[in-house]
2 protein chains.
Amino acid sequence: MDAAKPKSFVSAQMVAERAGVSRSAVSRTFTDGASVSEPTRRKVLEAATALGYHVNHLARGLRERSNIVCLVVADMTTPIRARMVDILSRKLQAADKIIMVINTESQTESVAAALRQTLNYRADATVVLSGTPPASLIETCLANGQQVVLINRDDRLSGSHNLGVDNAMAGREAFFLLHRAGCKRLGLVTSTAGTASLLERERVFLEVAAKAGVEVSVIAAGPTSYASGSEAARRIFGRSRAPDGVFCVTDLLAMGFMDTARFEFDLHVPEDLCIVGFDDIEEAAWQSYRLTTFSQPLDEMADHVVALVLDPGMAGAERRIFEPVPVWRKSVRPSAG
Amino acid sequence: MDAAKPKSFVSAQMVAERAGVSRSAVSRTFTDGASVSEPTRRKVLEAATALGYHVNHLARGLRERSNIVCLVVADMTTPIRARMVDILSRKLQAADKIIMVINTESQTESVAAALRQTLNYRADATVVLSGTPPASLIETCLANGQQVVLINRDDRLSGSHNLGVDNAMAGREAFFLLHRAGCKRLGLVTSTAGTASLLERERVFLEVAAKAGVEVSVIAAGPTSYASGSEAARRIFGRSRAPDGVFCVTDLLAMGFMDTARFEFDLHVPEDLCIVGFDDIEEAAWQSYRLTTFSQPLDEMADHVVALVLDPGMAGAERRIFEPVPVWRKSVRPSAG
DNA sequence: TTGAAAGCGTTACCAC
DNA sequence: GTGGTAACGCTTTCAA
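Just so it is clear, the structure is predicted and the values come from calculations on it, not from any experiment.

(A) The packing of helix H6 (residues 108-120) of chain B against helix H7 (residues 135-143) of chain B, seen in detail. Residues and elements named next belong to chain B. For the pair H6 and H7, the least separation of the axes is 10 Å and the interaxial angle reads 10°. Classed by the angle they form, the pair H6 and H7 counts as roughly parallel. Contact with H6, carried on its side by Ala-112, Leu-115, Arg-116 and Leu-119, involves Leu-137, Thr-140 and Cys-141 of H7 and no other residues of that element. Partitioning the contact of H6 with H7 into residue classes produces five nonpolar, one polar and one charged.

(B) Looking closely at the protein's contact with DNA strand C. Close to DNA strand C lie 27 residues; Ser-37, Thr-40 and Arg-63 of chain A together with Ala-12 and Ser-27 of chain B are nearest. For DNA strand C, the backbone portion of the atoms within 4 Å of the protein, that is sugar and phosphate, comes to 60%. In terms of residue class, the surface near DNA strand C is made up of nine nonpolar, eleven polar and seven charged.

(C) Geometry of the sheet that holds strand S4 (residues 147-151) of chain A. The strand order across the open sheet formed by twelve strands is S11(A)-S5(A)-S4(A)-S3(A)-S1(A)-S2(A)-S2(B)-S1(B)-S3(B)-S4(B)-S5(B)-S11(B), and the pairing between neighbours is mixed. Lying at the two open borders of the sheet, with one neighbouring strand each, are strand S11 (319-322) of chain A together with strand S11 (319-322) of chain B. For this sheet, the mean angle separating the axes of adjacent strands, direction not counted, is 20°. Here S4 of chain A runs beside strand S5 (residues 161-165) of chain A; their pairing, made up of three bridges, is parallel. Directly across from Leu-150 of chain A, in S5 of chain A, lies its bridge partner Asn-162 of chain A.

(D) Inspection of the pairing of strand S2 (residues 98-103) of chain B at higher detail. For S2 of chain B, the buried fraction is high: six of the six residues fall into the buried class. Neither face of S2 of chain B is exposed, since Ile-98, Met-100 and Ile-102 of chain B on one face and Ile-99, Val-101 and Asn-103 of chain B on the opposite face are all buried. Looking at chain direction, strand S2 (residues 98-103) of chain A and S2 of chain B are connected through three bridges and run antiparallel. Across the sheet, the residue bridging to Ile-99 of chain A is Val-101 of chain B, located in S2 of chain B. As defined by bridge partners, strand S1 (residues 68-73) of chain B adjoins S2 of chain B across six bridges and the pair is classed as parallel. When the sheet's bridge partners are listed, Leu-71 of chain B is paired in S2 of chain B with Val-101 of chain B. Following the backbone out of S1 of chain B, through helix H5 (residues 79-94) of chain B and into the adjacent parallel S2 of chain B, one traces a crossover that is right-handed.

Thresholds, definitions, all that
Residues numbered from 1 in each chain as written. Chains lettered and ligands numbered in written order. Predicted model: local features only at pLDDT ≥ 70, side-chain atom pairs only at ≥ 80, totals over all residues. Heavy atoms only, no water. Axes fitted to C-alpha atoms, helices over the stretch in contact; angles between N-to-C directions. Helix = DSSP H or I, 4+ residues; strand = E, 2+ residues; numbered from the N terminus. Parallel < 35°, antiparallel > 145°, perpendicular 65-115°, else oblique. Contact = heavy atoms within 4.5 Å. Nonpolar A, V, L, I, M, F, W, Y, C, P; charged D, E, K, R; others polar. Near = heavy atom within 4 Å. Pairing = 2+ DSSP bridges. Buried < 20%, exposed > 50% of the residue type's maximum accessible area, 1.4 Å probe, protein only. Right-handed = clockwise from strand over helix to strand, strands pointing away.

Here it is in C-alpha cells:
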C-alpha cells in the first residue's frame, strides 16, 4: 500500500521510473520466458505492487492475438442457453481466453451487428449460439483471420466451423418412443421460432409417423417457452380427437404442455398422455415432471469448440454432429410387453 | 467483395493507401463529428468495405476509456443469475458498453483473480454478482479509476458502489405470511453458502419468530439448489413435530422442498404445508408450483448499475437498497378471515 | 542482463 | 478539409 494513487491506469513507464529501471525491464518481468536478473525482477515487482500495476492486455493485443473469444447469444435466460454459456465460458477461460458476451436478438440484423463488434474488438474467435449471421460477414471474419464457430445453426456456411446435434435421430426416436408406448394419435408441439434444429426434429418426426401411417396434429403456439407449451395444450385439447402422445420439440414447451394438460384438462401422464421433450434441462428431472427427453452432450461440444478456437489451423468448413442421448424418465409409458 | 483478402486484420493504413488519402482522413471518416468532405468520405468508405475494415477498438481504448464492463459471476445457470446477467448485459449494451463475463467460483481467491483480469483489460467498470472480493483489490480498482459495483454482496466496501435488496423486510414478511396463515410450527430452509443476503433473511426471520414465540427448525442441507431443498424436506419430515409452514431462502430450494414434501411425504400445499420462497424465478409461476415468493426488482437494479457505470463522478460508497415485492400465489393459505 | 528504439492501430493536435 | 506527427502502453529486436 502506498500513497501514490493515480486516478487512471498505471503504466509500465511509471513502474520503470519508480523501480529505477527501463520499461523493457518491466515488460520482461511480466512476460514469462524473458531474462531478467533476480534483483531487477524484485525491484520491478515491488514497484508494481506498490503502484497497483497491471499489464495492459489491450495494448499487448495490438501486436499479437487478443485472446478474446466472443459469444453471440440470444435468449440467455433459457435454461439450455444458460448452460451452454456457462460451460463454454468455463472451458474457454480454462484455455486462457477472455469471454466477451454479446446478448442479441436472433434477427439476422442484430447478429450482423454483433459480428461487427467482434471484429472491432479483434476477437480471436466468434461463437454463434443464436440466429444466423449473413454469409458475407462470416467471410469478412474469416478473411480477417478470425475463427467462426456456429452451434446448432443452419448448415455449413462457407468456411465456418459447424457443430450440431443429430436432430433427425431425435425426431425418429421420439416417434418410436411414443409408438412403442402404444400411443394412437400423436401431437407435435413446436415453436414459431423456426430454427433449423427445430425444423429438422419436426420434419423427421412427421416423416417417420407418415411412413407408419400415424396421424399427427402439429401446433406452434409461439416462441420456445413454457407459456407456448401451455397455450399449445389449450388449443390441442380444445379439439376433438386429442392426441395421447406428444413430442415437444423442447423441454420448456414440454413442461408447459404437461402442466396445463394435467391441471386444466385433468389428464394423467403417462397414463392418458405420453410426452417426450428435448434438451434435458435441469427442470426436466424435477419430481413434478420426470420428463423423458434427449440430452445434448454439451461438455463434448464445448470441448470441441475449445479445440477449434485454440487451433486456428484446424480444417475449416467441417460439420461435426453430436449424438443426443435419450433420457428415460416417467413421462412415457413403458412399452407394452 | 474484392480479391484483397488479408489473413489478418485490416488497418486504417491499408484503407488509406487504397483510397489514396491519409490515415487521418480514414480516422475522421469513422469518428462522428469530424469534418470530412463528401468525396473523400465516399472513397474511404468504399475502400473500407472492399477491404473489410473495422476500426480497432482495442487501439482506440489505448487513449480513451475502453468501454468494457466486466461481469464477475458464479453459478450462471441458476435462473436468478441467468436473468441478472441477461438484463444487465442488455442494458449495458444499450449504453454502448461491451460485456466481458468472468465465470468464476465464488471463493475469494477466484474473485480476486477475476478482478485482476478486469484490470488487465482496462475495464471501465466491474460488476460483482457473486463472491466477495478482497478490499485491497477493490481499492486498486478504484485507484485505477475503475468503477466497482457490488450486487447483493456484503456491506459497503470502501468506495465501491453497493446495491442490494431489503432482506430484512423479506425475512420479516415471510414470517408474517406464514403466521397469518395459521402455521404453528415453522421451518427455515437455507443453504450452506452462507452469503450475506441469505444470512440476513435468515436472521430476521428467526428474530421475528422468536419475538412472537414461535419455534423454528432450521435446516441447511447443501448449496442453493433444488436438490438441497429436496434433501432438507427429507430430513425435516423424517422427524417428529414436522413444520406446517416453511420459509425457503430461495425459490430453487422451495421447489425442491415442495416437490419432495408432496411426492415423498404425501403432503398437500397449502393445506398441510405452506411455503414461501424468494427470487421469483420463472419456474415459481409454473402451474406445478404457484409459489408465493418475493421478486427482486431486477430492472430497476440494472438501471441503477448502468447509471453508476455511465457517471463516474457519481458519489461512491453509497449503498442503495431496493424493495423486493411480495408475489402472492398459492403456496400459502389465505389468512383466516 | 540491460536499455534504446521501432512498431502495433488509433486519435488529437497542428499547421497548411 | 486535409495530411503530418505525437502519443497511448506494450513487446520485440538490436546493440552494448
